[in-house]
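# Structure assessment
Chain by chain, the residues:
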Amino acid sequence: MAATIRRQRPGRLAYWAVMAVLLADLLALSDTLAVMSVDLGSESMKVAIVKPGVPMEIVLNKESRRKTPVTVTLKENERFFGDSAASMAIKNPKATLRYFQHLLGKQEGNPHVALYRARFPEHELGFDPQRQTVHFQISPQLQFSPEEVLGMVLNYSRSLAEDFAEQPIKDAVITVPAFFNQAERRAVLQAARMAGLKVLQLINDNTATALSYGVFRRKDINTTAQNVMFYDMGSGSTVCTIVTYQTVKTKEAGMQPQLQVRGVGFDRTLGGLEMELRLREHLAKLFNEQRKGQRAKDVRENPRAMAKLLREANRLKTVLSANADHMAQIEGLMDDVDFKAKVTRVEFEELCADLFERVPGPVQQALQSAEMNLDEIEQVILVGGATRVPKVQEVLLKAVGKEELGKNINADEAAAMGAVYQAAALSKAFKVKPFVVRDAVLYPILVEFTREVEEDPGVRSLKHNKRVLFSRMGPYPQRKVITFNRYNHDFNFHINYGDLGFLEPEDLRVFGSQNLTTVKLKGVGESFKKYPDHESKGIKAHFNLDESGVLSLIRVESVFETLVEDSPEEESTLTKLGNTISSLFGGGTTADTKENGTDAVQEEEESPAEGSKDEPGEQAELKEEAEAPAEDTSQPPPAEPKEDAAPEEEKAAEKENEEKSEAQKPSEKKETGSEGVPPAPEEEKKQKPARKQRMVEEIGVELVVLDLPDLPEEELARSAKKLQDLTLRDLEKQEREKAANSLEAFIFETQDKLYQPEYQEVSTEEQREEISGRLSAASTWLEDEGFGATTVMLKEKLTELRKLCHGLFFRVEERKKWPERLSALDNLLNHSSMFLKGARLIPEMDQIFTEVEMTTLEKVINETWAWKNATMAEQAKLPATEKPVLLSKDIEAKMMALDREVQYLLNKAKFTKPRPRPKDKNGTRAEPPLNASDQAEKVIPPPGQTEDAKPISEPEKETRSEPADAEPLELGGPGAEPEQKEQPTGQKPTLKNDEL
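Taking an unreviewed UniProt entry as the reference, the chain is identified by name as Hypoxia up-regulated protein 1 belonging to Neovison vison. UniProt annotates the chain under Function (unreviewed entry) with the comment "Has a pivotal role in cytoprotective cellular mechanisms triggered by oxygen deprivation. Promotes HSPA5/BiP-mediated ATP nucleotide exchange and thereby activates the unfolded protein response (UPR) pathway in the presence of endoplasmic reticulum stress. May play a role as a molecular chaperone and participate in protein folding." Database annotation for the chain, UniProt heading Subcellular location (unreviewed entry): "Endoplasmic reticulum lumen".

In structure tokens, the structure reads:
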């Protein structure tokens, strides 16, 4: 083998090396073929997956339900999730956490924290002085932050998805409310990191719903814009979204459908939960009135009773959506007192009258942000469980002025399906039809900085400047660059939210800090000292608003340029070759890059910014970036190298802004103009201009987070380790319970079998007494010491008992299999004998089987008959309590050997054509020769050979070799190859039977 490899050409070795790399990539990719999405609602979540063979499917939980409650019960030694945790809410309400997403990204003084305490007084919220946030204090030793609890839920959702997909899953797309700000989105990402999930994207739930709607109606989308309003009222909040569908031309795939979010309105506290809390309060009041004269305690002081009332209120709200009245009843609500009261829909609507008045609010907000009116909306579609309340539909229908509301979408699963489609589009393992998604920035973001200006000669003052970085309802993901031109020393600037005047005062208090980050730059002065002879092109700060809507500062760099004299003779052949290769891999160069030999490769490595061709320029005057081009797909933007120079589109933006710069710098104007307009070819031939050399110096950055400090890496790792330990503890507990249940089940089943006739027949009294005694001892041990036994001890005990009972079970199982196996063997032997007898009756002229083949089959049949008779006779002599000699596996082996011989001959007969018989001059068939042994076996001539050709002579001796390790032929033969025929000279070789 080594010699063979040495003789291979280098090209083949390279080919196999490439194939090995591709195979390794495929093996690595096979571990992450499946992706998932989590539609994380306030009350429940839906999980969906995509894997090969399963395009888009909702995951069923352990109770075979498509919707799982977002509820966690935390005890000292165990955890419960989903429906199990929801049932524990009544038994242990303090340890059962619900609606904890409302605390994500909130500091202790936030109104939502106070609201959560009022709604769920049974939970003790501790204070984290480091981040000014709250955490759940389950016990003195047990406390968890909202991010950690969310991480547990995400980890549980992944376990459900992995069980459903039957393979590990790491990549996920998670839905979040559209009104989540930067702090809340970062909190969700931190929770996902604790759970070990790789988040492909945080997608807004309204965008995911719109994507699901568009994907399943792709054929209805054309170049004409269609405006659709989605009204989503869930358990915790309400969001109204206006989306425009139309087809646009993309570079990669031509005309493709696109959705663009045009307007968004929301109400953070309007939802089904608030309605249920109103009903719970009403039911508590009715129960207190029923026990008014009994000096009973207020039911509101009993957490278990309030948990029962909340569950009944949830059921009551659902029933009243379809009925005019219903009887609320709870058995043993408090102090073993039953509760029963009638509630009508009218009473329910009166309790929630102020909530129904807020229903049109999000609609008006969405229309204002989209700068549209209701006449431009073609359809209003309902999403979310709370939209099933009749009064909500009535008020909304009146507000939008339409004939009817659209209900042609799955209100519960639309967001999960849209998110999993996006997950498949972002994953490298799947290829989906493109659907362009252009989400919108809900909260504007700006940059603020202060600089010295000279208003009067000799009088300098500080001027505060604001530049909008990402405008409201602008598209994202996108990247932007802002340039500071008047700084030659270290300075600071601030990143804050822009104008939030569209929010109500209460929403502003819930929103939290409007200041995001203070950026402190270090090393600006050193960069100017390093390049004293170069012209400064400013301090450039690169920002990225990624597909998850999270803002990040990629890098800050100081850019310098200088003119370098260069003669045409200095360009060597290697330089030209390098420029050619760079243009091939970089997709060409602009006029600037052609003149700039030092910086050409770096600029081309950095891909253009997503979202716009305009970039900020001089004087820190950030040019408002145009909306993302239609070519932007839903794929994530490519990673940008950290050490690369400014992108080419930044130059174009600099040119545009430098033309607007102050009159103090005419030289910069002139230089910019010459830079932006390439010289004519004639001038370039006459005079070779000096090329520009760009130098980029990285600037140190210190970020001071002002809204909500992120968890330090050490704290994040500690939380991830805590969750991992809890998961391992749960798995060990499940494994132990499984082992204990298996042991207990084996003991009871075996004790019952000892009294069954079929087991008594194959065992002696002494054997049964020994087994029964050991089983009784194991049962006693399990009851007395089993609670403290480890998983290993339980498994060892079970293995010991199975080994003891193995002989008994084996004898019973063999006797059960004998009738069926022996009957099948007899049938096969009879059919094989009939087949052999018929084969021998075929006339010699038409015979297609050789004597060796028929003799081999006859030998196998006789050997099988002999083995069966001898083995059955020997078995009849043995007592039933001994190990049998007639085994079912031996019967199956004999059947397989005999069936292989028969199938070989059947396939040969199936694929062999009948031989043509010669005709005499009178048209009658010629008689066969007297000496049949001299007649050669006829073979159908191959195409192109005449029938008059000389038939192939048969070898003198017929041989049929059967090597021990021969594999069966394709036609099912036993490993023997067809007879080899000698070919006359000039004739084409005939095909073997398995080649026809």
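We are not done yet, so read on.
With that out of the way, let us pick up the overall build of the chain. For the chain, the helix and strand inventory stands at 28 helices and 29 strands. Scored against the burial criterion, the 996 residues of the chain give a buried share of 46%. Long-range pairs, those at least 24 residues apart, make up 71% of the contacts in the chain between residues at least 6 apart in sequence. For the chain, the exposed surface amounts to about 51,700 Å²; the carbon and sulfur share of it is 52%.

Under the criterion given, the structure shown has 26 aromatic pairs. Consider the rings of Phe 81 and Tyr 156, whose centres lie 4.9 Å apart with planes at 10°: the pair is stacked. With Phe 81 in strand 6 (residues 79-81) and Tyr 156 in helix 5 (residues 146-165), this pair connects stretches of sequence that are 75 residues apart. A residue is classified by how much of its surface remains accessible, and Phe 81, at 13% relative accessible area, is buried. Seen in terms of ring centroids, Tyr 487 and Phe 491 are 3.9 Å apart; in terms of plane orientation they differ by 15°. Their pairing is stacked. An aromatic cluster of at least three residues, connected via ring pairs, comprises Phe 449, Phe 484, Tyr 487, Phe 491, Phe 493 and Phe 543.

This part takes up the pattern of salt bridges. Considering all chains together, one arrives at 44 salt bridges under this definition. Glu 557 is the partner of Arg 555 in a salt bridge, and the nearest nitrogen-oxygen pair spans 3.1 Å. Accessibility expressed as a relative area gives 2% for Arg 555, which makes it buried.

Right, let's talk about the nonpolar core for a bit. Counting residues in each nonpolar core, the largest one holds 112 residues, and the members touching the most others are Tyr 245, Phe 484, Phe 493 and Phe 543. Excluding anything up to four places from it in sequence, Tyr 245 contacts Ala 210, Tyr 213, Gly 214, Ile 221, Thr 224, Ala 225, Gln 226, Val 228, Phe 230, Gln 258, Leu 259 and Phe 435.

Side-chain direction in a regular strand flips from residue to residue, so the side chains alternate between the two faces of the sheet. Summarising burial for strand 15 (residues 254-267): 11 of the 14 residues are buried, a large majority. Across 13 bridges, strand 14 (residues 238-250) lies against strand 15 in antiparallel orientation. By the bridge assignment, Val 243 is partnered in strand 15 with Val 261. Counting the residues between successive antiparallel strands, the hairpin from strand 14 to strand 15 contains 3 residues. Two elements, strand 15 and strand 19 (residues 436-440), share 3 bridges in a ladder whose sense is parallel. Across the sheet, the residue bridging to Gln 258 is Val 436, located in strand 19.

Here the focus is the packing of helix 5 against helix 23 (residues 713-753). For any two helices packed against each other, one specifies the inter-axial angle together with the distance between the axes. Taken N-terminus to C-terminus, the directions of helix 5 and helix 23 make an angle of 45°; their axes are 10 Å apart at the nearest point. With respect to helix 23, the axis of helix 5 lies oblique. In this structure, helix 5 crosses over helix 23, and the sense of that crossing is right-handed. Within the contact between the two elements, helix 5 uses Glu 148, Gly 151, Met 152 and Asn 155 and helix 23 uses Ser 719, Lys 722, Leu 723, Leu 726 and Thr 727.

What follows concerns the confidence of the model for the chain. The pLDDT averaged across the chain works out to 80; a share of 76% of its residues lies at or above 70. For residues 584-685, every residue scores under 50 in pLDDT, and the model assigns this stretch 213 contacts once sequence neighbours within four places are set aside.

Glancing now at the side chain of Asp 232. Within the secondary structure, Asp 232 sits in strand 13 (residues 226-233). It is Lys 46 that comes nearest to the buried, bridge-free Asp 232 among opposite-charge side chains, at 8.6 Å. Once you skip the residues sitting within four places of it in the chain, Asp 232 turns out to touch Ser 237, Thr 238, Val 239, Val 383 and Gly 384.

Below, the discussion takes up the side chain of His 123. Structurally, His 123 can be placed in the loop between helix 4 (111-119) and strand 8 (125-128). Among the residues examined, His 123 registers a relative accessible area of 8% and is labelled buried. Polar contacts involving the side chain of His 123 include one to the main-chain carbonyl oxygen of Thr 96, which spans 3.1 Å. Excluding its chain neighbours within four sequence positions, the residues that come into contact with His 123 are Pro 93, Lys 94, Thr 96, Leu 97 and Tyr 116.

Spatially, 8-9-10 is the arrangement adopted by the 3 strands of the open sheet, whose pairing is antiparallel. Of all the strands in the sheet, just strand 8 and strand 10 (142-144) have a single pairing partner and so form its edges. Across the sheet, the mean angle separating the axes of adjacent strands is 40° when strand polarity is ignored. Pairing of strand 9 (residues 133-139) with strand 10, which is carried by 3 bridges, proceeds in the antiparallel orientation. Each bridged residue has a counterpart across the sheet, and for Ser 139 the counterpart in strand 10 is Leu 142. Against the sheet, helix 5 touches strand 9 and strand 10, its axis set at about 85° to strand 10.

Calculation rules
Residues numbered from 1 in each chain as written. Predicted model: local features only at pLDDT ≥ 70, side-chain atom pairs only at ≥ 80, totals over all residues. Heavy atoms only, no water. UniProt positions renumbered as here; feature names shortened; annotations may be inferred. Helix = DSSP H or I, 4+ residues; strand = E, 2+ residues; numbered from the N terminus. Buried < 20%, exposed > 50% of the residue type's maximum accessible area, 1.4 Å probe, protein only. Contact = heavy atoms within 4.5 Å. Areas by Shrake-Rupley, 256 points an atom, 1.4 Å probe, with all protein chains shown as cover. Phe/Tyr/Trp six-rings, centres within 6.5 Å; stacked < 30°, edge-to-face > 60°. Salt bridge = Lys/Arg side-chain N within 4 Å of Asp/Glu carboxyl O. Core = buried A, V, L, I, M, F, W, Y, C linked by side-chain atoms within 4.5 Å. Pairing = 2+ DSSP bridges. Axes fitted to C-alpha atoms, helices over the stretch in contact; angles between N-to-C directions. Parallel < 35°, antiparallel > 145°, perpendicular 65-115°, else oblique. Left-handed = near helix turned anticlockwise from the far one by under 90°. pLDDT = per-residue confidence, 0-100. Lys, Arg positive; Asp, Glu negative; His and termini not counted. Polar contact = N/O pair within 3.5 Å; in protein donor to acceptor, adjacent residues only side chain to side chain.

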